[in-house]
Amino acid sequence: MAINARITGTGHCVPSRVVTNHDLARLMNTSDEWIQQRSGISARRHVDDGIAPSDIGVEAALKAIEAAGLKPNDIDLLLVTTLSSEHTFPGTAAFIQRKLNIGTIPAFDLRAQCSGFLYGLSVAKAFVNSCQYKRVLLVSVEVQSRALDFSDRGRDTAVLFGDGAGAVVVEPSLDVERGIMSVLLHSEGEHAERLWVEYPSLAKSPHVSPEIVAEGGVHPKMDGKFVFKHAVTRLPEVIQETLASLSLTTPDIDWWLFHQANLRINEHVAGLMNIPMEKCPFNIDRYGNCSSASIPILLDEMVRRGDIKKGQLIGLAAFGSGFTWGGAVLRW
Ligand code: COA
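To keep things clear, this report deals only with the structure shown in the data block. (Residues numbered from 1 in each chain as written. Predicted model: local features only at pLDDT ≥ 70, side-chain atom pairs only at ≥ 80, totals over all residues. Heavy atoms only, no water.)

**Re the site of the ligand**
With respect to spatial proximity, 21 residues lie near the ligand, and among them Thr 30, Arg 38, Gly 224, Lys 225 and Asn 262 are the closest. One of the side-chain nitrogen or oxygen atoms of Arg 38 is found 2.8 Å away from an oxygen atom of the ligand. A distance of 2.5 Å is found between an oxygen atom of the ligand and a side-chain nitrogen or oxygen belonging to Lys 225. Look at the ligand: alone it shows 980 Å² of surface, and the protein chains cover 70% of it. Structurally, the ligand is housed in the second largest pocket. For the shell around the ligand, the secondary-structure elements that each account for two or more residues are α2 (32-39), α6 (155-158), α8 (224-245) and β12 (313-320). (Near = heavy atom within 4 Å. Polar contact = N/O pair within 3.5 Å; in protein donor to acceptor, adjacent residues only side chain to side chain. Areas by Shrake-Rupley, 256 points an atom, 1.4 Å probe, with all protein chains shown as cover. 1 Å grid on protein atoms, 1.4 Å probe; cavity = no way out; pocket = protein on both sides within 12 Å on 5 of 7 lines; lining within 4 Å. Sits in = over half its atoms within 2 Å of the grid points. Helix = DSSP H or I, 4+ residues; strand = E, 2+ residues; numbered from the N terminus.)

This is the structure we're talking about:
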């Protein structure tokens, strides 16, 4: 019997604390105008003290499970994507599993940075299509604010990133016309150091030290122009490749949910591909770049608003550290 993996429930959680560009301008030499002009971001959310990544991950997960009409114990695989892991080990999946109280099902983290949700979707689809697992919970969660450098030294990255979590439940669909039609993934480790957090590093001795911390080695470092250039090249490539794999063309797609790294990147990509911006909803203005959580947060907002209708085609595309990138098409 033919089946196709389908997203049957979505959820998201963003912390309640809003941090505006004006708030950041009180901490570092930046301005609302500079940030908006370069990225389209006005505000982002930061967690308060005492909130862990797994806390917001669980909130998003519970909403997705409820939307799928399930109970936590119905889930038979938990997959977490994150670049801001709660601890070096075990993975954030262990803490989310414990808080959901979902027994001994397999639970693991997948690391593909801002493309993490697409990588996770690909793994969930493969497990469901092979009938190994039937109800996969995919949680993409990021708490980046605690690792950012809010001094002038870190202003090029600190203004871009935010905290948040998005989750989906993936289950088999007997209607093979609906579901996750295609996910295509790429990576290029050649450029790992262009967007990374160098320390703690088990490639180095000491793996971290007070000097390394003082020099800012534990904060994200980015070659912004290099990342921008590669993103606007790789995204159109993978979008074309994904559409071609299904014999579709850009006008066939009802909605494009791009990773929310920078509104200027998405405008550039849409322009190159003749995609009207009305088909490219965004939330980066409110949440900044939530890395792997950006796409599932946006997806859940659209589903709950009723923007996405049954039968519509949704294109997804993301690019991030690694570099990693990918594209997907869903039939809702
Ligand atoms: N506020 C004010 N000035 C800032 C700043 C900030 N927050 N951050 C950096 N600057 C300064 C720099 O120090 C530099 O100053 P200098 O020219 O005196 O050396 C200048 O702004 C650079 O400006 P510009 O050349 O206009 O930057 P840019 O157009 O490359 O924009 C980014 C910077 C980061 C917005 C842009 O490169 C980018 O979006 N890159 C991709 C980032 C991304 O998407 N990352 C995530 C991928 S998942």
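**Comments concerning the environment of Lys 229**
Mapped onto the elements, Lys 229 comes out in helix α8. On the accessibility criterion, Lys 229 (52% relative accessible area) is exposed. Measuring from C-alpha to C-alpha, the distance between Lys 229 and Gly 288 comes to 19 Å, with 59 residues separating the pair along the chain. (Buried < 20%, exposed > 50% of the residue type's maximum accessible area, 1.4 Å probe, protein only.)

**Points about the sheet that holds strand β6 (residues 136-142)**
Spatial ordering of the open sheet is given by β1-β7-β6-β4-β5, a layout of five strands whose pairing is mixed. Strands with a single pairing partner mark the edges of an open sheet, and in this sheet they are β1 (4-13) and β5 (107-110). Taking each pair of neighbouring strands and ignoring which way they run, the sheet shows an average axis angle of 20 degrees. Strand direction decides the pairing type here: strand β4 (residues 77-81) and β5, joined by four bridges, are parallel. Bridging from a neighbouring strand, Leu 79 pairs with Phe 108 of β5. Of the strands in this sheet, β1, β6 and β7 (164-173) touch helix α3 (residues 53-67), which is tilted by about 130 degrees from β1. (Pairing = 2+ DSSP bridges. Axes fitted to C-alpha atoms, helices over the stretch in contact; angles between N-to-C directions. Contact = heavy atoms within 4.5 Å.)

**With respect to the layout of surface pockets**
Its boundaries defined by the atoms lining it, the largest pocket holds a volume of some 1,300 Å³. Contributing to the lining of the largest pocket are 34 residues, with Leu 83, Ser 84, Ser 85, Arg 111 and Val 197 lying nearest its centre. Here the lining of the largest pocket gets three residues from one element, more than from any other, and that element is strand β9 (residues 195-197). Its residues assigned to classes, the lining of the largest pocket comprises 18 nonpolar, 11 polar and five charged. Size it by volume and the second largest pocket reaches roughly 620 Å³. (Points joined across faces, edges and corners; volume = space filled by probe spheres on them. Nonpolar A, V, L, I, M, F, W, Y, C, P; charged D, E, K, R; others polar.)

**A few points about the pattern of salt bridges**
Evaluated as defined, the whole model comprises 13 salt bridges. In this structure, Arg 286 and Glu 301 form a salt bridge, with 3.0 Å as the shortest nitrogen-oxygen distance. Taken together, the positions of Arg 286 in helix α10 (residues 284-287) and Glu 301 in helix α11 (residues 294-305) put the pair 15 residues apart, joining distant regions of the chain. According to the relative accessible area criterion, Arg 286 is partly exposed, its value standing at 33%. In the salt-bridge network here, residues are joined through shared partners; they are Glu 188, Arg 234 and Glu 237. (Salt bridge = Lys/Arg side-chain N within 4 Å of Asp/Glu carboxyl O.)

**Overview of unusual backbone geometry**
That bond from Tyr 199 to Pro 200 is cis: its omega, -5 degrees, falls within 30 degrees of zero. With respect to the helices, strands and loops of the structure, Pro 200 is situated in the loop between β9 and α7 (210-214). For the bond running from Gly 322 to Phe 323, omega is -15 degrees, close enough to zero to count as cis. When you line up the elements, Phe 323 lands in the loop between β12 and β13 (324-331). Even without being glycine, Asn 101 reaches a positive phi, approximately 55 degrees. Positionally, Asn 101 belongs in the loop between α4 (92-100) and β5. Its identity as a non-glycine residue notwithstanding, Ser 247 has a phi of 55 degrees, on the positive side. Take Ser 247: it is sitting in the loop between α8 and β11 (255-258).

**Observations concerning the nonpolar core**
Core analysis: the largest hydrophobic core is formed by 39 residues, its most contacted members being Ile 239, Trp 256, Phe 258 and Val 269. At the level of secondary structure, the elements contributing two or more residues to this core comprise α8, β11, α9 (263-272), β12 and β13. Residue contributions to this core reach at least three from each of two domains, namely domain 1 (4-177) and domain 2 (180-331). Setting aside chain neighbours within four positions, we find Ile 239 in contact with Trp 256, Phe 258, Val 269, Met 273 and Ala 317. (Core = buried A, V, L, I, M, F, W, Y, C linked by side-chain atoms within 4.5 Å. Domains from an automatic or database assignment.)

**Observations concerning α9**
Looking only at α9, the buried set comprises Leu 263, Ile 265, Asn 266, Val 269 and Ala 270. Buried residues of α9 fall within an arc of 155 degrees about the axis and therefore sit on the same side. The inward-facing, buried residues of α9 abut α2, α8, β11 and α10. Near the N-terminus of α9, the side chain that reaches the backbone nitrogen of Arg 264, with its oxygen 2.7 Å away, is that of Asn 262. (Arc of directions from axis to C-beta.)

**Some words on the state of the cysteines**
Scanning the model with the defined rule gives zero disulfides in all. Cysteine Cys 13 is unpaired, with the sulfur of Cys 290 as its nearest cysteine sulfur at 11 Å. Cys 280 forms no disulfide, and the closest cysteine sulfur to it belongs to Cys 114, at a distance of 18 Å. Classification of Cys 280 by relative accessible area gives buried; the value is 3%. (Disulfide = S-S within 2.5 Å.)

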